[in-house]
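Report on the structure
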Amino acid sequence: MNSRSRNKNYEIQDYTPSQPKAAGLNSSLTRVSNILECLSQGMNPNVEIATYCGYHQSTTHRLLKDLRQLGWVIQDDLNSCYYLGPFISRVAANAVANHRFFVINALREMTTLAEKTGEAVNLAVMEGLHYLRVHEIPSRYDLRVSDNSRGYGQIFTPGATGKVLLSQLLDPVLKETLNKVALISRTERSVKDKKVLYRQIREIREQGYAISHSERIPGATGISAPVVNYSWPAAIAVIGPESRMRPIIDTLTAALPEIARRISDNLAKALNTQGVIAWETEGNGH
């Protein structure tokens, strides 16, 4: 049973709970997995979970009761809705580790790109109003770009990667998001006008990549392209000093979207094998 998810941040595509792919897979584990997926997508009442999964309400009620005792879910006594519990939060505490599947499917392309350019290659995702660098292959040069914002960073100090991540939001979500936040300037070249940023994002959607010069880090050039078919907006980027990046910009702008497409294809194949429905972007089916 499909229905548009109510995720207020990203507009997740039609959601279908995963079904077992291997014969003999424990049916209770499958039901638990589907229930947890529903909760992660904002479906919290028992009746709604049962409807989406196609289970009897008594079945989901019994499983949710067991999951509550284990600390996997919690229940609001006022409205009887269920939510992911502290056990799941502890398991998910290492944000980078949660994206290891993504990294595995991108690593070969990232490594090849790093070897050819010699510059730093990053893989990032957008979570809420932040971006998270989930993997980095550092530059082989002694003179390299240094970014102290390891792990989570503000999406609204956007360089090439931040703009590519924002470009994957559906237009109504993008406009609503831009209306609610303030842009943060880090250099003289940082984008300060939301209308300018919105125009740049629309251009990025058309051309398939973004370039920034000294917008986040003085003297640095970044080139980024969107990676689709993942559960979050995602991007791959090459970052280095302007003096070394400028001579290879044309080469990178031609190659990077194709590299991002191959990573996207890898994800699509892997996710299809596991029966997972991927996230859908503004430029991917709309």
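1. Considerations on the environment of Ala 270
Here Ala 270 is to be found in helix H10 (residues 249-274). The buried category is assigned to Ala 270, whose relative accessible area is 18%. Sequence separation between Ala 270 and Asn 229 is 41 residues, and the spatial gap between their C-alpha atoms is 10.0 Å. Those residues in contact with Ala 270 that sit more than four places away from it in its chain are Phe 101 and Asn 105.

2. Structural notes on the packing of helix H2 (residues 46-53) against helix H3 (residues 57-70)
Direction vectors running N to C along H2 and H3 enclose 120 degrees, while the axes themselves pass 9 Å from each other. By crossing handedness, the relation of H2 to H3 is classed as right-handed. Each of Asn 46, Val 47, Ile 49 and Ala 50 in H2 lies in contact with H3, whose residues at this interface are Gln 57, Thr 60, His 61 and Leu 64.

3. Some words on the side chain of Ser 264
Tracing the backbone through its elements, the reader meets Ser 264 in helix H10. Overall, Ser 264 belongs to the buried group, its relative accessible area being 4%. Excluding residues within four positions of it along the chain, Ser 264 makes contact with Pro 226, Val 227, Val 228 and Asn 229.

4. Thoughts on the environment of Ala 114
Note that Ala 114 resides in helix H5 (residues 100-117). Relative accessible area serves as the criterion here: at 11%, Ala 114 is assigned to the buried category. For Ala 114 and Val 238, which are 124 residues apart along the polypeptide, the C-alpha to C-alpha distance reads 8.2 Å. Leaving out residues up to four positions away in the same chain, Ala 114 has contacts with Glu 119, Val 121, Ile 137 and Arg 140.

5. Here we look at the packing of aromatic side chains
Tallying each qualifying case throughout the model produces two aromatic pairs. Where Phe 102 meets Tyr 230, the ring centres are 4.4 Å apart and the plane angle is 20 degrees; that geometry is what we call stacked. Linking Phe 102 in helix H5 with Tyr 230 in the loop between strand S7 (220-227) and strand S8 (234-241), this pair joins segments that are 128 residues apart in sequence. Consider the rings of Tyr 230 and Trp 232, whose centres lie 5.7 Å apart with planes at 45 degrees: the pair is tilted. Owing to a relative accessible area of 4%, Tyr 230 belongs among the buried residues under this scheme. Classification of Trp 232 by relative accessible area gives partly exposed; the value is 28%. One cation-aromatic arrangement involves Arg 31 over Tyr 55; the distance from NZ or CZ to the ring centre is 5.8 Å.

6. Regarding the confidence of the model for the protein
Mean pLDDT over the protein: 82, with 80% of residues reaching 70 or higher. Here strand S5 (residues 152-154) is the element of the protein with the lowest mean pLDDT, 57, and S7 is the one with the highest, 97. For residues 275-281, every residue scores under 50 in pLDDT, and the model assigns this stretch 31 contacts once sequence neighbours within four places are set aside.

7. A word on the pairing of strand S3 (residues 120-127)
Most of S3 is tucked away: eight of the eight residues are buried. Across the two faces of S3 the burial is the same, with Ala 120, Asn 122, Ala 124 and Met 126 and Val 121, Leu 123, Val 125 and Glu 127 all buried. Inspection of the sheet shows S3 paired to S8 by six bridges, in the antiparallel sense. Each bridged residue has a counterpart across the sheet, and for Leu 123 the counterpart in S8 is Ile 236. With seven bridges joining them, S3 and strand S4 (residues 130-137) adopt antiparallel strand pairing. Along S4, the bridge assignment pairs Val 121 with Ile 137.

8. Focus on the environment of Lys 163
Within the secondary structure layout, Lys 163 lies in helix H6 (residues 160-167). Since its relative accessible area comes to 2%, Lys 163 is described here as buried. With 48 residues separating them along the chain, Lys 163 and Ile 211 place their C-alpha atoms 9.2 Å apart. Residue contacts for Lys 163: discarding those within four places in its chain leaves Pro 158, Val 191, Leu 197, Gln 200, Ile 201, Ile 204 and Glu 215.

9. Focus: the pairing of strand S6 (residues 210-213)
Two strands pair when backbone bridges link them, and S6 and S7 are joined in this way by four bridges, in the antiparallel orientation. Bridge pairing in S7 places Ser 212 opposite Gly 222. Hairpin connection between S6 and S7: a loop of six residues separates the two successive antiparallel strands, and Ser 214 in this loop has a positive phi of roughly 60 degrees.

Conventions and cut-offs
- Residues numbered from 1 in each chain as written.
- Predicted model: local features only at pLDDT ≥ 70, side-chain atom pairs only at ≥ 80, totals over all residues.
- Heavy atoms only, no water.
- Helix = DSSP H or I, 4+ residues; strand = E, 2+ residues; numbered from the N terminus.
- Buried < 20%, exposed > 50% of the residue type's maximum accessible area, 1.4 Å probe, protein only.
- Contact = heavy atoms within 4.5 Å.
- Axes fitted to C-alpha atoms, helices over the stretch in contact; angles between N-to-C directions.
- Left-handed = near helix turned anticlockwise from the far one by under 90°.
- Phe/Tyr/Trp six-rings, centres within 6.5 Å; stacked < 30°, edge-to-face > 60°.
- Lys NZ or Arg CZ within 6 Å of the ring centre and 35° of its normal.
- pLDDT = per-residue confidence, 0-100.
- Pairing = 2+ DSSP bridges.

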